[in-house]
Amino acid sequence: MSDDNNVSATLAAATCALLGASAAAPVMAEEAERWSFDTALLYYGESDDRVQDVSATIGAQRAFEDERLLNLTLTADTLTGASASGAIATDTPQTFTSPSGRAVYTTPAGKAPLDDTFLDTRFALNVGWSQPLARLYTLSAGLGFSTEYDYTHLGANVSLARDFNKRNTTVTAGLAYSEDDIDPVGGAPLPLSQMLDVGDQSNKRTSDSKDVIDVLLGVTQVLSRNTLLRVNYSYSQSSGYLNDPYKILSVVDGVTGDAILRTPAPGVLGPTGVYLYEGRPDSRAKHSLYAEMKHAFGAPVLYGSYRFMTDDWGIDSNTTEVRLRWPVGDTSYVEPQLRYYMQSQADFYHPSLVQGAALPAYASADFRLGEFDAVTLGLKFGHRTMGGNEWSARVEYYQQSGTIDRDQLIGNQFAREQVPDLKAVIAQFGYRFGL
Amino acid sequence: MKAFGLFAACLALQGCASVGVEPWQRDVLARPEMSLDTNPVDAAIDDHIYFSKEASSGGRGFGGGGCGCN
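Residues numbered from 1 in each chain as written. Chains lettered and ligands numbered in written order. Predicted model: local features only at pLDDT ≥ 70, side-chain atom pairs only at ≥ 80, totals over all residues.

Draft legend 1. Quick look at the overall build of chain A. The number of helices and strands found in chain A is 1 helix and 23 strands. Referenced to the eigenvectors of the C-alpha coordinate spread, the extents of chain A come out at roughly 95 × 40 × 40 Å. When burial is assessed residue by residue, chain A has 30% of its 435 residues classed as buried. Long-range pairs, those at least 24 residues apart, make up 63% of the contacts in chain A with a sequence separation of at least 6. (Helix = DSSP H or I, 4+ residues; strand = E, 2+ residues; numbered from the N terminus. Buried ≥ 20, exposed ≤ 12 C-beta atoms within 10 Å, placed from the backbone. Contact = placed C-beta atoms within 7 Å.)

This is the structure in structure tokens:
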């Protein structure tokens, strides 16, 4: 009897769904052919007057008949502030030649050197198109372009998805290629060449380039009526100029660990220590395994993701993120968020280089290639208006804590803070509307 | 190796065939917040920030890039 009831209920639900779908179809088609916009204003600010970024993004989506979709995203970024140069902190003030090669800047004693000549404006445009190819196939393709004062990016991507098992399983394969041109302020320094006095550009080339190929294979699976899982494997191969042209390493005494001092040529400004520009390998292969899941506990929705990445520079990383979207009344929600990230250091990460020792083939003191943990704590609030639009506000706190292997510190370096924590606040306001 | 990969993929798909829901059971999955790409702008912003500050990128989609920040 109970089985019969279940069958009747299921059939009734199915009939309603089918009738509902066919009745709603013309209306949906009419509504689908509209523009919808997703906009965001972002502030990103690091403590101690380091990087500040204000950014505006406009995403526009136009739906056409037969489930064809056009996506456009335009972003403008304005960056200012100071960025860690990679040189070590010392007990005396340090003077460096600025990247342009036309001036110097000085770091106070005891402080990790920051290059405060950092200033950039970036514009990025992405265009995407997706459409069904056959009953179970979806083709997506996109183009991306971005430009900064010292950097230009051009990229293209294509992917194909196929549904299986009553559309409970979707398998996706994608390919992306990008070509980036780097034209650093003052030229691209030769890897591991020494920072020179103001006006001496003999170790700088004009520009360089890199290309990146990405391959992505993914499976999305409906696990139950309220659970969805996606697993992606991706491979990324970068080749060309992979250095950060503004990052340097200090050359130090092998016993005291103090920076080796130098005197600029008479009548010329220049660095007061021996600093080498970083040199990274000219290729990098990364493998990532990524999984994300959504589960609805009634109205609240839990999101969780995990990523493992490993590359041939010796960096392994683990990233975990959890978000819980909790409805407040009928039209609002709050969404707390927690993210934890940890990475190991690159094989060629050196906090400093020892004077007189053989130069390694590759070396970088960029903190982003060192070992660190990072935590993000965030909260988002969203509200749907009477007209069906939605605004949201998001606040996040991000903190990185680095660790340098004790074997890599020398003498007096132990007593100084070599990796200052990075603390940043992220505030974002978003508005979604349709036309 | 390729044959093994193909075999594993087929096996996985067979396994997936027994998991899932009927078309009329998609009420919860059809809710906008259940989409894995609910907030593409938030995701793009996060990817861009983490790409600039960490040595890893991508995973969810194609690796971040198009920026001289790393």
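Draft legend 2. Region of the structure containing the overall build of chain B. A tally of helices and strands in chain B yields 2 helices and 0 strands. Here chain B holds 70 residues, and 37% of them are scored as buried.

Draft legend 3. Representation of helix 2 (residues 40-53) of chain B. A rise of 1.5 Å per residue sets the reference length of helix 2 of chain B, with its 14 residues, at 20 Å; its end C-alpha atoms lie 20 Å apart and thus fit the reference within 8%. For helix 2 of chain B, every residue scored as buried is listed here: B:Val41, B:Asp42, B:Ala44, B:Ile45, B:Asp46, B:His48, B:Ile49, B:Tyr50 and B:Lys53. Its buried side turned inward, helix 2 of chain B meets strand 1 (35-46), strand 2 (52-64), strand 3 (68-84), strand 22 (390-403) and strand 23 (422-434) of chain A. (Expected span 1.5 Å × (residues − 1).)

Draft legend 4. Main features of the interface of chain B and chain A. Each partner contributes to the interface: chain B provides 34 residues, whereas chain A provides 65 residues. Of all elements in the fold, only helix 1 (2-17) and helix 2 of chain B reach the threshold of two or more residues within the side of chain B that touches chain A. Among the elements that make up the side of chain B that touches chain A, the one with the highest residue count is helix 2 of chain B (6 residues). Residues of the side of chain B that touches chain A, tallied by class, amount to 19 nonpolar, 10 polar and 5 charged. (Nonpolar A, V, L, I, M, F, W, Y, C, P; charged D, E, K, R; others polar.)

Draft legend 5. Structural detail: unusual backbone geometry. Positioned with a positive phi, A:Asp49 is a non-glycine residue whose angle comes to about 60 degrees. Here A:Asp49 shows up in the loop between strand 1 and strand 2.

Draft legend 6. Looking closely at the pairing of strand 9 (residues 169-182) of chain A. Residues and elements named next belong to chain A. Of the pairings in the sheet, the one linking strand 8 (residues 151-164) to strand 9 comprises 14 bridges and is antiparallel in character. For Asn157, the partnering residue across the bridge sits in strand 9 and is Ala176. Between the antiparallel neighbours strand 8 and strand 9 lie 4 residues, among them Asn165 with a positive phi of about 50 degrees. Here 14 bridges tie strand 9 to strand 12 (residues 208-224), and the two strands are oriented antiparallel to one another. The partner of Ile182 across the bridge, within strand 12, is Asp208. (Pairing = 2+ DSSP bridges.)

Draft legend 7. Up close: the sheet that holds strand 20 (residues 352-354) of chain A. Residues and elements named next belong to chain A. Taken together, 3 strands build an open sheet; the order of strands is 15-14-20 and the sheet is mixed. On the outer flanks of this sheet lie strand 15 (275-277) and strand 20, each paired with one strand and no other. Neighbouring strand axes in the sheet, compared pairwise and without regard to direction, differ in orientation by 35 degrees on average. Alignment of strand 14 (residues 248-252) against strand 15, held across 3 bridges, turns out to be antiparallel. Among the inter-strand pairings, Ser250 is bridged to a residue of strand 15, identified as Tyr275. (Axes fitted to C-alpha atoms, helices over the stretch in contact; angles between N-to-C directions.)

Draft legend 8. View of the nonpolar core. Grouped together as the largest cluster of nonpolar side chains are 17 residues, with contacts concentrated most on A:Met195, A:Ile248, A:Leu249, A:Tyr275 and A:Leu276. Counting residues per element, the ones that place at least two in this core are strand 14 and strand 15 of chain A. The element best represented in this core is strand 14 of chain A, accounting for 4 residues. Non-local contacts of A:Tyr275, meaning those with residues more than four positions away in its chain, are made with A:Ala87, A:Phe96, A:Gln194, A:Met195, A:Ile248, A:Leu249, A:Ser250 and A:Val251. Counting residues in each nonpolar core, the second largest holds 14 residues, with A:Ala40, A:Leu422, B:Ile45 and B:Ile49 among its members. (Core = buried A, V, L, I, M, F, W, Y, C linked by C-beta atoms within 7 Å.)

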